[in-house]
Each structure stands twice: as structure tokens, then as C-alpha cells.
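# Architecture and fold: a report
Listed below are the residues making up each chain.
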Amino acid sequence: MAEANCSRKLVVEICNAKNLMPKDGQGTASAYVIVDFDGQRRRTKTKFRDLNPQWDETLEFLVQDPESMASEILEINVYNDKKTGKRTTFLGKVKIAGSTFVKSGSELLVYYPLEKRSVFSQIKGEIGLKVSYVDEAGTAEPEKAAADEKKPDDAAVAPSEQKTDDAAAPPVATEEKAPEKEDEKKADESNKEAADQKPAEPPKDEKTEEASAAATPPAEVENPPVAHTEKAMQPKEKTDTEKLPDLGVSDLELRSLAGNRGRSAYDLVDRMPFLYVRVIKAKGENCEGESSAYAKLVIGTHTVRTKSKSDKDWDQVFAFDKEGLNCTSMEVSVLVEMKDGENTTETSIGTVSFDLQEVPKRVPPDSPLAPQWYTLEGSPGTEVMIAVWIGTQADEAFQEAWQSDSGGLIPETRAKVYLSPKLWYLRLTVIQTQDLQLGSGPEAKPKGPPELYVKAQLGAQVFKTARTSVGSTIPTWNEDLLFVAAEPFEQFLVMTVEDVTNGQPVGQAKVHVPSLDRRTDDRTEPKSRWFNLVGDEKQPRYAGRIHVRACLEGGYHVLDEAANVTSDVRPTSKQLAKPPIGLLEVGIRGAANLLPVKSNDGTRGGTADAYVVAKYGPKWVRTRTILDRFNPRWNEQYTWDVYDPCTVLTIGVFDNGMYKKDDAGKAGRDVRMGKIRVRLSTLDTNRVYTNSYSLMVVLPGGSKRTGEIEISVRFSCSSWLNLIQAYGSPILPRMHYVRPLGPAQQDILRHTAMRIVTARLARSEPALGQEVVQFMLDSDTHVWSMRRSKANWFRLLGWLSRAATLARWLDGIRSWVHPPTTILMHVFLVAIILCPHLILPTVFMYAFFIIVLRLRYRRRALLNVDARLSYADAISADELDEEFDSFPTTKSIDQVRQRYDRLRILAGRAQTLLGDVAAQGERLEALFNWRDPRATGLFVVFCLVASLVFYAVPFRAFVLGWGFYYLRHPRFRGDMPSLPLTFFRRLPSLSDQIL
């Protein structure tokens with residue numbers, strides 16, 4: 001059967017649809033669904049006259065190439081059946097990327113909004129789907145396949161094929177007419193192709209098939225043929241490799257995250273020449289025996305050796321920076337170690353010399369250079385297998401090679417790719433408790449009516465419900481507690497009911513976190529469960545039971561970085577993810593003029609061991625560490641998939657201190673040297689930006705410029721339509737709007753997620769330091785800082801200055817500073833009054849020309865972190881010391897008192913400003929509530945007179961008269977405030993009622 005030869009099957013369950021558009025002319029619709037995948041078409045039954053149809057049908061598709069499934073598109077089209085109307089009408093469509101497919105058993109019911117086919121389509125509603133794939137092992141053996149190939153006529157076995165297919169096909173899928181003739185033709189062609197792909201095989205008994213499938217190990221076929229005729233002509237190749245476990249990540253994501261350097265174009269960075277030396281093994285008379293041997297490479301002042309092995313099989317690759325070589329020849333020696341008790345003697349067997357000017361060059365995708373046997377000079381019977389070539393950093397052997405510029409094979413200096421853990425929100429709803437055994441413990445002494453609360457703990461996170469008194473009613477809370485859970489999950493969520501009156505726990509219960517239900521929206525409520533409460537571990541006893549509802553929320557995006565510089569807004573659930581809209585490529589070229597960070601082994605001067613960390617979405621990349629250079633050149637290129645253009649790429653430069661350990665064996669700490677941010681929405685698509693940016697870091701001693709970094713950035717997008725649609729979609733997933741989280745709660749969860757990410761990355765090997773992750777995520781933005789407060793204040797003043805500039809411009813016009821401009825404004829006012837329908841067109845046309853003319857002044861270079869905007873240059877030492885102070889403070893009492901008095905002065909100014917703003921609103925309110933009867937009476941008379949005047953006078957005449965009065969010459973204007981302003985200022989406020 002075809003299923004036996006296909007290693008993967010796609011299962012699509014069409015559940016239901018809601019709120020469809022009536023299209024049959026009678027206020028209803030008779031809907032059916034057509035699903036297309038990889039040239040295959042399936043159709044559901046028609047649900048007549050139902051705007052909320054329920055199908056519950058399962059459709060299956062064959063995945064011809066599992067490796068390319070992530071790049072396929074599953075298209076679902078909903079139609080109204082033409083049997084009930086005049087013609088077949090379109091009700092909506094949904095496109096799902098193959099990268100969102102999950103393995104069978106992990107699928108969830110997801111409601112997708114129906115999309116339009118064109119701009120003029122009238123579409124509404126949503127459709128509920130479950131999409132998953134099933135991996136099946138092929139049961140056809142080579143002998144049986146060869147017997148099938150010998151059969152002359154495929155038509156002779158067609159009846160058996162049909163019977164087998166009928167027995168294996170699901171009964172829920174039915175074949176009906178497609179909405180158009182073209183669809184019918186496509187369906188027939190796809191069915192014929194599927195029939196042609198099925199090899200002839202006699203039917204088997206179900207038990208026999210199950211037994212053979214269980215006995216035969218899974219086999220994978222490389223490059224399976226598409227048609228049966230091609231398969232008959234080509235011999236079938238099988239490999240007996242074991243099937244890899246499913247990691248929950250699609251092949252497309254794996255390729256993007258891994259960043260295959262061998263295939264990368266490396267067009268954003270410079271090619272760096274490296275001398276590669278691969279020492280494989282040695283053989284000969286002098287190498288025989290159990291003594292250990294190693295190979296030593298000498299190039300001028302560079303000397304390096306392989307590991308010492310007794311079998312003389314080293315297979316190590318060495319990469320030397322060609323610009324750092326100071327010799328044109330290389331010597332490879334083989335030495336044997338002889339142990340005589342505690343003493344070890346080394347004896348050189350022989351040497352091979354190479355002229356580096358005659359070394360061949362290799363550039364990927366050329367095949368690797370084949371190693372050759374070289375006879376050692378001085379030992380004719382001994383040979384060593386070596387391969388020597390000139391390559392670049394794009395060579396496949398570069399990542400695992402010994403690197404001369406990064407200290408060799410030190411793990412802490414290697415280039416690595418890290419992934420943030422997948423974060424979920426865990427929602428625990430505490431409903432009520434029953435049968436509580438209060439006061440049953442030996443130390444329980446009730447002092448009054450007991451007050452209870454529920455404490456829930458997940459790892460280091462602890463949240464509590466409100467207190468409730470236990471009386472005649474059952475203790476009830478109905479309160480939600482939100483946690484941040486990271487995969488792999490903590491084993492248990494511990495719930496404890498505690499009594500406040502005696503300070504003793506009543507009992508506790510545990511919830512197994514990995515087995516919790518997962519949901520993607522708010523349409524389905526998870527099932528509530530009862531858990532028995534157990535006393536303390538020393539004396540386990542029944543203490544009652546608790547009623548809770550718990551689930552893992554996959555419809556939210558768990559923020560793990562500052563909201564204004566977020567790099568990912570996708571929901572947690574993979575089934576809600578959308579296909580990427582573009583590709584971000586970053587070339588980290590190098591740095592210049594770095595400052596020395598640490599002393600060089602106590603000698604004069606200092607050194608810098610710099611590396612770069614780039615973060616976008618869940619993917620972190622870390623370049624190799626270039627040791628002891630102030631102008632390092634990395635020339636490494638990385639890629640990320642882009643799902644939203646309004647996101648930020650963060651790049652930080654650090655000095656590596658972890659590869660050196662002190663006398664106690666404790667690793668040092670990395671030192672931050674600065675960072676830059678790149679907002680993708682400011683980039684032109686398919687354009688390369690190559691610039692150098694200054695690095696600045698704020699330290700307790702003040703701000704310091706630590707050097708410059710040179711990067712290249714390119715944002716590629718193949719579809720402008722998808723890019724424009726992203727600007728019209730909400731920033732966060734749907735659950736953030738239908739069930740929003742409070743600002744305080746969101747802030748607590750964000751810092752919790754930051755701590756989880758920091759702890760997980762610190763446990764990697766090699767570790768990404770805690771100080772590095774915190775600096776990249778801006779985890780200290782919530783801490784009070786006088787510098788940031790001033791920066792935000794001047795940002796606000798800068799925005800208000802635009803309004804002040806407009807007010808000064810209007811005041812200059814009405815003051816006749818430039819009489820021609822004022823006269824033109826009079827003419828413009830008359831034109832507006834006579835032609836009011838031209839107001840909005842004129843305003844928008846004026847804005848169009850202004851914005852288009854300002855395009856020529858747009859900055860083409862990428863914007864960097866602004867030291868002036870950050871207020872980093874004009875800040876006192878005491879304010880910097882306060883910014884880096886820990887929480888709670890560790891400073892002296894006098895210093896804390898001084899800072900507190902300064903904060904009181906600033907808070908007093910803010911207090912006065914808030915009071916003045918509140919007074920203006922209270923005066924306006926007093927005008928209507930008769931707090932000042934005379935002022936309100938005058939306003940009532942004014943309203944009566946104004947109504948009569950406006951009834952008699954046309955509105956255009958009033959606006960024209962008021963405009964001329966406002967623009968009158970200064971000689972006709974007094975120096976005192978206007979009458980309306982004076983009257984408003986006399987209205988009472990509530991300031992006199994404040995103590």
C-alpha cells in the first residue's frame with residue numbers, strides 16, 4: 001500500500017465552524033470544506049442550512065517527503081453548496097504552514113479566522129481544526145518489492161488495490177462534487193496520481209500485518225520516487241538506521257536555528273584565510289607497541305600538539321589564522337612517550353616539512369581534501385596521514401577545529417548557539433475547599449474564627465490567594481493564580497491550605513504539571529478536579545479536599561524581555577504560530593579600539609578578550625572569543641526567521657573572564673563593554689547596512705566609551721503583501737486582549753520569566769553567564785534610576801515642545817509678526833468657510849507633501865544607542881552610585897537620608913504638578929454642579945443666549961467672525977487675559993478641601 005511506503009501521514013480533523021456568512025439568499029449557508037495538501041485534495045460532507053456547522057470528519061494525506069513538510073502549505077477552503085443556491089459561493093479560506101504541524105497526540109483544537117480571497121470578498125466566521133502528523137514505518141520488504149516490480153500489468157491488480165484502500169480508508173471522508181469543473185479535474189488527477197503511486201500488494205490479514213510491522217524495524221528510504229514507473233526502473237535503497245525521536249521542532253526551524261555555516265553564503269562578512277591541518281594517524285615499525293604517541297606542529301613561533309594516544313589515531317584539525325603566521329614552512333613531528341617508573345621520556349620518530357606557499361586552497365562547497373600518507377624524515381618505515389589546505393571560516397571543519405585566535409579547544413571561547421526555554425503560563429483557579437480538618441493537629445489552638453488562604457508553589461514561585469473566613473459557608477475563593485512554567489516542566493505544583501489564626505498548614509496537595517491540559521484560547525474551559533489534602537509528611541493524614549482548575553495557557557506570549565525592545569511576539573502554542581514573513585541576516589564583522597579590561601598576567605598595560613552575543617527571538621548566538629586583541633575580527637554570519645517587523649535585534653559585546661579560573665578553581669565573570677539595538681521596522685528590505693557603531697557602557701564610575709563594533713544587517717522579505725499585513729495585525733496574540741493581564745501582574749510575570757531564562761542559560765555548557773543574559777534582557781529597567789528618570793522627562797518635554805512650537809507659530813500669526821502670512825491666513829479662513837468640503841482633503845494633501853518632502857532628509861544609517869538621549873554624559877557620581885546600588889540598599893544611613901531628601905524634593909514638584917492638572921478638571925466639573933451658584937447661573941444665561949444666537953446666525957458666519965476676531969491686529973487687542981479664561985480661572989476646585 002502507499003501508506004506502507006510513506007513514512008509520514010498528515011491527519012486533518014475538520015471539527016466545526018462558527019458565524020459563517022449567509023450566502024444562499026435565505027439567511028443561511030450549506031457549507032462544506034475542501035482541503036488541499038501537496039497535490040492531494042479531500043472534501044467533507046455538506047451541512048445544509050447551518051451557519052454553525054459541525055462536521056467532526058478526519059481527512060488523511062500522504063506526506064511524500066517528510067523533510068520538506070515544513071515548507072508545504074495546508075489550504076482549507078469553505079464553500080456554500082450550489083445545490084441549495086444559484087451557484088457555488090466562497091465562504092472563506094485558511095492557510096496553515098507546515099512548520100506548525102505537531103505530532104499526533106499533541107494536537108489541540110484551534111479556531112482560525114476565515115480569510116478573504118480578494119479585497120471585495122464578504123467573509124466572516126472561524127473554523128475549528130486539529131492538525132497533526134503520524135509517522136509510520138514501511139512494512140514492504142525488499143523481496144516483496146522486487147516481486148511487485150516483476151508483475152507486467154498494473155491493471156490486473158487494480159481490484160485488490162481498491163479493496164485494500166477501501167478497508168484502510170477512514171469512513172468519515174466522503175467524495176462529492178467540487179464547486180467548479182476545474183476543481184473536479186484537479187481532484188480526479190490527484191486521485192489518479194495517488195492510485196499510480198500505490199504499489200501492487202496482495203491483501204493481508206490484519207493480524208499478519210500487525211505482526212510483521214512489529215517484527216520489522218523501521219526503515220528510511222532516501223529520496224523516495226514520486227511515480228511507480230520511476231520506482232520500478234530504479235533499485236530501492238534502504239538504510240537500517242534507527243529513527244530519530246521527534247523533538248517537537250520542525251525541520252525548517254532546525255535549519256534556521258542551527259545556522260548551517262557550510263552552506264551559508266557569508267556575503268555580509270569578509271573571508272578570513274585559515275591554514276587547516278588535519279592530522280589523522282600514523283603507522284610504521286616505530287609506532288607499533290603500547291606506548292603513547294602524539295604529533296607536534298611547529299609554524300614559526302606557533303607550537304601545538306595533538307592528544308597523546310596509544311593507538312596513534314588522533315584525527316584532529318588545527319586552524320591557524322593565516323595573517324598571524326610568521327613563517328612560510330610547517331613541520332609535523334611524531335613523538336613517542338616512554339614511561340620509566342615516574343619519569344617520562346619523549347623520543348622523536350621523524351618529521352615532515354610543508355611549504356605553506358604550495359598548500360592548495362579549498363572553498364566550500366568543494367568536497368573535503370583527501371588526506372595523504374607522508375613518510376617521516378629519519379624514519380623510512382613510518383608514515384603519517386595528513387591533509388593540509390587553505391580555507392576560510394566557512395569551512396565545515398572550522399567549528400570543531402583547534403583555533404589559534406581563540407585559544408585552541410577551550411570550551412568557553414567557542415562559538416555557540418543557545419535557545420531560550422519554551423515558556424508557558426500556568427493558570428491555577430482555586431475554587432473552594434471541603435471537609436477541612438481544622439484544629440485537629442496537636443499544636444492547633446484556635447484563637448477565633450479561622451481565616452484560610454491557599455498558597456501555591458511552582459519551583460521558586462509562590463503566590464497566595466486572598467483570605468476568607470470559615471463560617472457557616474464553604475470556603476470559596478474563585479481566584480486565579482498565574483505562574484511561568486518552562487519546558488521541561490517542574491514535576492509538581494504544590495498547593496497548601498494554611499490557617500492564619502494559628503499559623504499552621506491545614507494540608508497540601510500536589511498537581512503533576514506535565515499532565516495538565518493545554519489550551520490555545522478561552523473558548524474551552526479546562527475540567528476542574530478535586531484533590532485530597534494531606535497533612536505534614538511526618539504524620540500523613542486526610543485533611544480535606546480542594547477543588548481547583550489548572551491548565552497551561554498556550555495562547556499567550558510569555559514576555560521575557562522589556563516590552564519596548566521585544567524580539568518575539570509569537571504565542572507559546574506551536575499550532576497558533578504563523579509562517580515567517582522574512583529573514584534577518586547579521587554579519588558580525590569585528591571591533592576596533594577596544595579598551596583594556598583586565599591586566600595581562602600582572603604585566604604593564606592590559607588586554608581584552610572580546611566576544612559578541614546577538615539575541616533575536618528565542619535564539620541566542622555567541623561568537624568565538626578573540627584573545628588578547630584590541631581590534632578583533634570575527635567575521636561570523638547568522639540568520640533568524642522574522643515573524644513580525646516591529647521587533648528589535650540586540651547585540652552586546654563582552655570581555656570573556658570565564659575561561660580563566662582563579663587558584664580556587666572558580667571561573668571569573670564576563671565584563672560588559674556595550675550593546676546596540678536594531679529595530680527591524682527601520683530597515684529597508686533586501687538592503688545591506690554595513691556600519692560601525694560606538695560602544696558605551698554605564699559603570700559606577702561613570703559612562704565610558706569602550707570602542708566600536710562593525711556589523712552588517714540585511715532584512716529580506718519575499719512578499720510585500722505579508723509585510724504590510726503585519727502592520728494591521730495586533731502586536732500580541734489574541735488571548736492578551738480577550739483575557740488581558742493587569743500591568744502589575746504582567747510585570748511580575750515578566751521578571752519571573754527573565755529569572756528562568758537566566759538560570760537555564762547559565763546551566764548550558766559552556767554557560768552563558770548570568771551577567772550577560774541580564775544585560776541583554778535589560779532586567780534592571782524596573783529599578784529606580786535618576787538618570788533614566790531625567791531621560792524620560794526630557795523625552796516628554798521634547799514631545800511637548802512640538803505643541804509649543806505650533807502654539808508660538810499661531811501666536812506669531814495673530815500678532816502680525818509677518819503681515820503677509822497673516823493676510824494669507826485670512827484668505828485661507830475665507831476659503832475654508834466658503835468650501836468646507838475641502839477641509840479634510842486639504843489637510844491630508846498638505847500632510848502628504850510634507851511627509852514626502854521629509855523623505856530626502858531621512859537618515860540612511862542605522863540608529864544606535866544615543867548617549868545624549870540616555871542622559872549618560874551629564875550625571876553625577878552620586879546618582880550613578882544610587883543606580884548601581886543593590887535592593888535593599890547597603891549604603892550608610894547618612895547617604896540614604898541625603899538621597900531620600902533629594903527624592904522628596906522631586907516628588908514635591910510632581911505632587912504640585914498633579915494638583916494643578918486635577919484642579920483644571922474640577923473647575924470644569926464645578927461649572928455644571930452649582931458649586932458656585934453665581935458662576936453657574938451666568939453660564940446658564942450664556943447657554944440660553946448662545947442657543948438663540950446660533951439658531952439665527954449661520955454657523956459659517958460665526959466661524960468666519962470668530963476667525964477674524966482671533967486674528968485681529970494687536971492694536972485692537974488688550975494686554976489683559978481674555979474674558980473666558982478669567983471666568984474659568986475663578987471657578988472653584990477641591991484644592992481648598994485637602995488637609
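See the structure shown above.
Residues numbered from 1 in each chain as written. Predicted model: local features only at pLDDT ≥ 70, side-chain atom pairs only at ≥ 80, totals over all residues. Heavy atoms only, no water.

So, about the overall build of the chain. Along the backbone of the chain there are 19 helices and 37 strands. Of the accessible surface of the chain, which amounts to about 55800 Å², a share of 55% is contributed by carbon and sulfur atoms. (Helix = DSSP H or I, 4+ residues; strand = E, 2+ residues; numbered from the N terminus. Areas by Shrake-Rupley, 256 points an atom, 1.4 Å probe, with all protein chains shown as cover.)

Take the sheet that holds strand 37 (residues 702-716) next. In spatial order, the strands read 33-30-37-36; together these 4 strands make up an open sheet with antiparallel pairing. Edge positions in the open sheet fall to strand 33 (633-642) and strand 36 (688-699), since each of these has one partner strand only. In this sheet, adjacent strand axes meet at a mean angle of 30° when their direction is disregarded. Relative to strand 37, strand 36 runs antiparallel, the two sharing 12 bridges. Across the sheet, residue Val688 finds its bridge partner in strand 37, namely Arg714. (Pairing = 2+ DSSP bridges. Axes fitted to C-alpha atoms, helices over the stretch in contact; angles between N-to-C directions.)

Before going further, it helps to examine the sheet that holds strand 11 (residues 292-299). Within the open sheet, the 4 strands sit side by side as 12-11-14-15. Their pairing is antiparallel. Looking at strand neighbours, the two that pair on one side only are strand 12 (302-305) and strand 15 (343-355), the edges of this open sheet. Pairs of neighbouring strands in the sheet enclose a mean axial angle of 20°, with direction left out of account. In terms of strand pairing, strand 14 (residues 329-340) meets strand 15 through 12 bridges, oriented antiparallel. Across the sheet, residue Lys339 finds its bridge partner in strand 15, namely Thr344.

In this section: the packing of helix 10 (residues 743-762) against helix 11 (residues 770-777). At a closest axis distance of 9 Å, the pairing of helix 10 and helix 11 adopts a crossing angle of 145°. Our pair here, helix 10 against helix 11, has a crossing hand that is right-handed. Contacts from Met754, Val757, Thr758 and Leu761 of helix 10 reach helix 11 at Gln770, Val773, Gln774 and Leu777. (Left-handed = near helix turned anticlockwise from the far one by under 90°. Contact = heavy atoms within 4.5 Å.)

Across its 20 residues, helix 10 extends 29 Å between first and last C-alpha, which sits within 8% of the 28 Å expected from 1.5 Å per residue. For helix 10, every residue scored as buried is listed here: Gln746, Leu749, Arg750, His751, Thr752, Ala753, Met754, Ile756, Val757, Thr758 and Leu761. (Expected span 1.5 Å × (residues − 1). Buried < 20%, exposed > 50% of the residue type's maximum accessible area, 1.4 Å probe, protein only.)

Here we take up the side chain of Arg899. Residue placement: Arg899 occurs in helix 16 (residues 893-926). Residue class for Arg899 comes out buried when judged on its relative accessible area of 7%. Beyond its immediate stretch of four places on either side in the chain, Arg899 contacts Asp878, Asp881, Glu882, Asp885 and Lys891.

Burial within strand 29 (residues 542-553) is extensive, with 9 of its 12 residues counted as buried. Bridge count between strand 20 (residues 423-434) and strand 29: 9 bridges; the pairing is antiparallel. Paired with Leu428 across the strands is Ala550, a residue of strand 29. Bridging between strand 27 (residues 517-519) and strand 29 involves 3 bridges; their strand directions are parallel. Across the sheet, residue Arg519 finds its bridge partner in strand 29, namely Glu553. In terms of strand pairing, strand 28 (residues 529-534) meets strand 29 through 6 bridges, oriented antiparallel. Bridging across to strand 29, Trp530 finds its partner in His547.

Within the element layout of this structure, Arg923 appears in helix 16. An unpaired buried charge is present at Arg923: no salt bridge exists, and Asp916, the closest side chain of opposite charge, is 7.4 Å distant. Ignoring any residue separated from it by four or fewer positions in sequence, one finds Arg923 in contact with Phe984, Arg985, Leu987, Pro988 and Ser989. (Lys, Arg positive; Asp, Glu negative; His and termini not counted. Salt bridge = Lys/Arg side-chain N within 4 Å of Asp/Glu carboxyl O.)

With that settled, the discussion passes to the packing of aromatic side chains. Tallied over the entire structure, the rule returns 19 aromatic pairs. Plain terms: the ring middles of Tyr276 and Trp389 are 5.3 Å apart, the flat faces sit at 10° to each other, and that makes the pair stacked. Of this pair, Tyr276 sits in strand 10 (residues 274-284) while Trp389 sits in strand 17 (residues 382-391), placing them 113 residues apart in sequence. Judged by its relative accessible area of 0%, Tyr276 falls in the buried class. Among the aromatic residues, ring-to-ring pairing joins Phe274, Tyr276, Trp389 and Phe398 into one connected group. A cation sits over an aromatic face here: Lys283 above Trp373, 4.3 Å from the ring centre. (Phe/Tyr/Trp six-rings, centres within 6.5 Å; stacked < 30°, edge-to-face > 60°. Lys NZ or Arg CZ within 6 Å of the ring centre and 35° of its normal.)

Here Asp315 lies in strand 13 (residues 313-321). Residue Asp315 is classed as partly exposed on the basis of its relative accessible area, which comes to 41%. Each C-alpha atom, one on Asp315 and one on Ile386, is 9.2 Å from the other, the two residues being 71 residues apart in sequence.

Now for a nonpolar patch on the surface. A contiguous nonpolar surface patch, about 1100 Å² in accessible area, is contributed by Leu806, Trp809, Leu810, Val941, Val945, Val949, Phe950, Val953, Phe955, Phe958, Trp962 and Tyr966. Elements with a contribution of two residues or more to the nonpolar patch: helix 12 (786-814), helix 17 (933-952) and helix 18 (955-966). With respect to the element layout, Leu810 can be found in helix 12. (Patch = residues over 30% accessible without salt bridge, like charges linked within 9 Å, V, L, I, M, F, W, Y side chains within 5 Å.)

Note that the residue after Glu487, namely Pro488, is joined by a cis bond; omega there is -5°. With respect to the secondary-structure elements, Pro488 resides in the loop between strand 24 (476-486) and strand 25 (492-499). Phi at Asn635 is positive, roughly 55°, even though this residue is not glycine. With respect to the secondary-structure elements, Asn635 resides in strand 33. With phi around 55°, Asp778 is a residue other than glycine that occupies positive phi space.

Here we take up the packing of helix 13 (residues 819-834) against helix 18. Contact geometry for helix 13 and helix 18: axes closest at 10 Å, N-to-C directions at 170°. Here helix 13 lies roughly antiparallel to helix 18, going by the angle between them. Residues His826, Leu829, Val830, Ile833 and Leu834 of helix 13 pack against Arg956, Val959, Leu960, Gly963 and Phe964 of helix 18. Across the contact of helix 13 with helix 18, the residue classes break down as 7 nonpolar, 2 polar and 1 charged. (Parallel < 35°, antiparallel > 145°, perpendicular 65-115°, else oblique. Nonpolar A, V, L, I, M, F, W, Y, C, P; charged D, E, K, R; others polar.)

Remember, this is a structural readout, not a statement about activity or role.
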